[in-house]
Amino acid sequence: MDVRWEKVITTYPENTSLKENVKSNNRNKNKLPDSGDVKKSPSQKHWSRMGDRKTSLILEEMGMSLFDEDSQDECLGPTPPCYDSENIPPPQAPVAFHIHNSSPGSSNSNSSTENQLFNSSPLSNVFSISRKKKSYTLTGDGMINVLPDEVILAIFRWLPRFMLVKCACVCKRWYRLGMDESFWKRMDLANKSLSAGVLGNVLNRGVSILRLSKTEISSPIHTLSQCINSVRPCQLQYLDLSMAVIKPEGLEEIFARCTKLRKVSLENCQLTDITCQYIGQNRNIQVLNLSSCQNLTTEGLSEITSNCVCLESLNLAWTYLDRETVVYLVLCLPSGLLKLNLSGTRETLTDEDVGNLIRTCPHLKELDLSDALLLTPAILHDIVANLKGLEHIALSRCYRIPASHLLALSSMVSLMALDLFGTTIDGALEVIQDALPNVEINKFPFSNIARPTTGIRRTSIWGLRVRDSVL
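For the structure given in this document, a descriptive report is provided here. (Residues numbered from 1 in each chain as written. Predicted model: local features only at pLDDT ≥ 70, side-chain atom pairs only at ≥ 80, totals over all residues. Heavy atoms only, no water.)

1. A look at the overall build of the protein chain
Then, in step 1: In terms of helices and strands, the protein chain carries 16 helices and 17 strands.
Then, in step 2: The buried share of the protein chain, reckoned over its 471 residues, is 38%.
Then, in step 3: The long-range fraction of contacts in the protein chain, counting pairs at least 24 apart against all pairs at least 6 apart in sequence, stands at 69%.
Then, in step 4: For the protein chain, the exposed area adds up to about 28100 Å²; of that, 54% sits on carbon and sulfur atoms. (Helix = DSSP H or I, 4+ residues; strand = E, 2+ residues; numbered from the N terminus. Buried < 20%, exposed > 50% of the residue type's maximum accessible area, 1.4 Å probe, protein only. Contact = heavy atoms within 4.5 Å. Areas by Shrake-Rupley, 256 points an atom, 1.4 Å probe, with all protein chains shown as cover.)

Written as structure tokens, this is what we have:
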């Protein structure tokens, strides 16, 4: 059964219809005692306007006053009768919030009766004055916003990268501080899958050491909004893209912005002549790993060798260069080259090419000529005569060079390591070891020329840390 609340109804003696309605509504309830039998409470004294001095003072401060019964002001209507609390009892106490049960069918008739009672009551014309509640607004002035930028940067420096990105979403100031270049100098995104535009955001943050080995990178690298809003020049200096899955167009976008590169690894990537041209813009590049790269041509390598005069380490292993490219390469390499890997040139590298190479790069310290099937023992005499500072040479699987001719290398004082995998038998290897007591033989099965990571080190490239230290 529904429960409804009955409105507060105040009755006046002169309103007989109001009295009858109240009596009919309270028919099944206990009858309230008469006013003569009820002891006056302090709250009932406020019904008298003559005995309360405070009420008149409050009304005077509000700009109103009480009128006497003999007032003849025509602007006002008839003055309601006044009652003295000492002689005439106050009106019957209002019935407040009586709870009773009723049937669903009688609810509409009762509610209409209540509306008529309330509208006919003098209280319906009385206005009320209430105090407006204060509205509290957040001004955003917290304790941390009072701190200078230097202090906030020092706090942010203790946060990991994912938390720093969340802090940058708080407000414009935190975004400006969170995107400071000092937080994004080094990043490791290896073995990740980057959607279009993600790498562009990373480059715009001023990263200088970036590892992207075995990363799948979607094109385009830069979205249209990034190209319009980008104001920071690319600060990238060390880039590892070894075994990365990326389109040639994506490589062109990356290197088009890079002009400060020092060490780059593009192992097993597809190159174009345009990409090589952009690589040649980095005149201070020192280390370049192009092993297993595809589509290398003479025009592309000419852009690199003619412009990158500071090149010290170059890896061109298993790039399957044609004969024309090999001839050009051995004649046009930078003279200051210290480490070179030409392994995998099975039938394109000859003794004459090695001779030209030695004269072009007389300061070589590490040379890898493995899997060159056309080389003969004649190259050993040129190496001993011209490469006085050679420290490591690899002649693995050079089947035309007999083990007995390798003893000619014993006159090289600077030689420290010799790789002969798949070339000599165990007995001959012991003889060579006795002839070269200060030389390590077959200690390095894989070449580390220009490679960014070697062994189990996966948190650094070329000896530079790419991950934040764990706190």
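Further notes follow.
2. What about helix 15 (residues 378-386)?
Then, in step 1: Buried within helix 15 we find I379, L380, I383 and V384. Around the axis of helix 15, the buried residues are gathered within 135° of arc, so they sit on the same side.
Then, in step 2: The inward-facing, buried residues of helix 15 abut helix 14 (351-360) and strand 13 (392-394). (Arc of directions from axis to C-beta.)

3. A look at a negative patch on the surface
Then, in step 1: A contiguous patch of negative charge on the surface is contributed by D273, E299, D322 and E324.
Then, in step 2: Tracing the backbone shows E299 in helix 12 (residues 298-307). (Patch = residues over 30% accessible without salt bridge, like charges linked within 9 Å, V, L, I, M, F, W, Y side chains within 5 Å. Salt bridge = Lys/Arg side-chain N within 4 Å of Asp/Glu carboxyl O. Lys, Arg positive; Asp, Glu negative; His and termini not counted. Charge placed at Lys NZ, Arg CZ, Asp CG, Glu CD.)

4. Some points on the sheet that holds strand 11 (residues 339-341)
Then, in step 1: Judged by pairing direction, the sheet is parallel, and its 11 strands sit side by side in the order 3-5-7-8-9-10-11-12-13-14-15 without closing on themselves. Across the chains shown, the open sheet's two edge strands, defined by having one partner strand only, are strand 3 (186-188) and strand 15 (440-441).
Then, in step 2: Note: strand 11 against strand 12 (residues 366-368), three bridges, orientation parallel. Bridge pairing in strand 12 links L340 to L367. (Pairing = 2+ DSSP bridges.)

5. Here's the deal with the pattern of salt bridges
Then, in step 1: Per the counting criterion, the structure on display carries six salt bridges.
Then, in step 2: Here R176 makes a salt bridge to D149, at a shortest N to O gap of 3.3 Å. Of this pair, R176 sits in helix 7 (residues 172-178) while D149 sits in helix 5 (residues 149-156), and the two are 27 residues apart along the sequence.
Then, in step 3: In this structure, D353 engages R323 in a salt bridge whose closest nitrogen and oxygen atoms are separated by 2.3 Å. With D353 in helix 14 and R323 in helix 13 (residues 323-332), this pair connects stretches of sequence that are 30 residues apart.
Then, in step 4: Where salt bridges share partners, they join D149, R173 and R176 into one cluster.

6. A closer look at the nonpolar core
Then, in step 1: L199, L210, F255 and L266 are the most contacted members of the largest nonpolar core, which totals 88 residues.
Then, in step 2: Per element, the largest residue contribution to this core is four residues, and it comes from helix 15.
Then, in step 3: With sequence-adjacent residues up to four places away left out, L199 is seen in contact with L194, L210, L212, I217, I221 and I254.
Then, in step 4: Counting residues in each nonpolar core, the second largest holds eight residues, with I209, Y238, A450 and W462 among its members. (Core = buried A, V, L, I, M, F, W, Y, C linked by side-chain atoms within 4.5 Å.)

7. Here we look at helix 5
Then, in step 1: Among all positions in helix 5, only I152, L153 and F156 are buried. Down the axis of helix 5, the buried side of the element spans an arc of 100°, and every buried residue falls inside it.

8. As for unusual backbone geometry
The phi angle of most residues is negative, glycine excepted, and most peptide bonds adopt the trans form.
Then, in step 1: With an omega of 0°, the peptide bond between S219 and P220 qualifies as cis.
Then, in step 2: Locating P220 in the fold gives a position in the loop between strand 6 (216-217) and helix 9 (224-229).
Then, in step 3: Here the phi dihedral of S292 falls at roughly 65°; this positive angle occurs in a residue that is not glycine.
Then, in step 4: Relative to the helices and strands, S292 is located in the loop between strand 9 (287-289) and helix 12.
Then, in step 5: Look at N442: it is not a glycine, yet its phi comes out positive at around 55°.
Then, in step 6: Position of N442 among the secondary structure elements: in the loop between strand 15 and strand 16 (460-461).

9. Let's talk about the environment of P437
Then, in step 1: Here P437 is to be found in the loop between helix 16 (426-435) and strand 15.
Then, in step 2: Separated by 27 residues in the primary sequence, P437 and S410 have C-alpha atoms spaced 8.9 Å apart.

10. Notes on the environment of L311
Then, in step 1: As for its position among the elements, L311 is in the loop between helix 12 and strand 10 (313-315).
Then, in step 2: For L311, a relative accessible area of 1% puts it in the buried group.
Then, in step 3: Not counting residues up to four positions away in its chain, the partners in contact with L311 are I285, Q286, V287, L288, P334, G336 and L337.

11. Brief notes about the packing of aromatic side chains
Then, in step 1: A full pass over the atoms with the stated rule returns two aromatic pairs.
Then, in step 2: An angle of 80° between the planes, with centres 5.5 Å apart, marks the rings of F156 and W174 as edge-to-face. Taken together, the positions of F156 in helix 5 and W174 in helix 7 put the pair 18 residues apart, joining distant regions of the chain. Each member of the pair, F156 together with W174, is buried.
Then, in step 3: Taking NZ or CZ as reference, R205 lies 4.5 Å from the ring centre of W184, over its face. (Phe/Tyr/Trp six-rings, centres within 6.5 Å; stacked < 30°, edge-to-face > 60°. Lys NZ or Arg CZ within 6 Å of the ring centre and 35° of its normal.)

12. Quick look at the packing of helix 10 (residues 248-257) against helix 11 (residues 273-280)
Two numbers describe a pair of packed helices, the interaxial angle and the distance between the axes.
Then, in step 1: Packing of helix 10 against helix 11 brings their axes to within 9 Å, and their N-to-C directions diverge by 20°. Taken together, the axis directions place helix 10 and helix 11 in an arrangement best described as roughly parallel. As helix 10 packs across helix 11, the resulting crossing turns out to be left-handed. Along the contact surface, helix 10 presents P248, L251, E252, F255 and A256, while helix 11 presents I274, T275, Y278 and I279.
Then, in step 2: For the contact of helix 10 with helix 11, a count of residues per class yields seven nonpolar, one polar and one charged. (Axes fitted to C-alpha atoms, helices over the stretch in contact; angles between N-to-C directions. Parallel < 35°, antiparallel > 145°, perpendicular 65-115°, else oblique. Left-handed = near helix turned anticlockwise from the far one by under 90°. Nonpolar A, V, L, I, M, F, W, Y, C, P; charged D, E, K, R; others polar.)

13. What to know about the state of the cysteines
Then, in step 1: Scanning the entire structure with this criterion turns up zero disulfides.
Then, in step 2: C276 carries a free sulfur, and the closest cysteine sulfur to it, the one in C293, is 8.4 Å from it. (Disulfide = S-S within 2.5 Å.)

14. Side note on the side chain of N282
Then, in step 1: Here N282 lies in the loop between helix 11 and strand 9.
Then, in step 2: For N282, a relative accessible area of 0% translates into the label buried.
Then, in step 3: Excluding residues that lie within four positions of it along the chain, N282 makes contacts with C258, T259, K260, L261 and C308.

That's the geometry; what it means functionally is another story.
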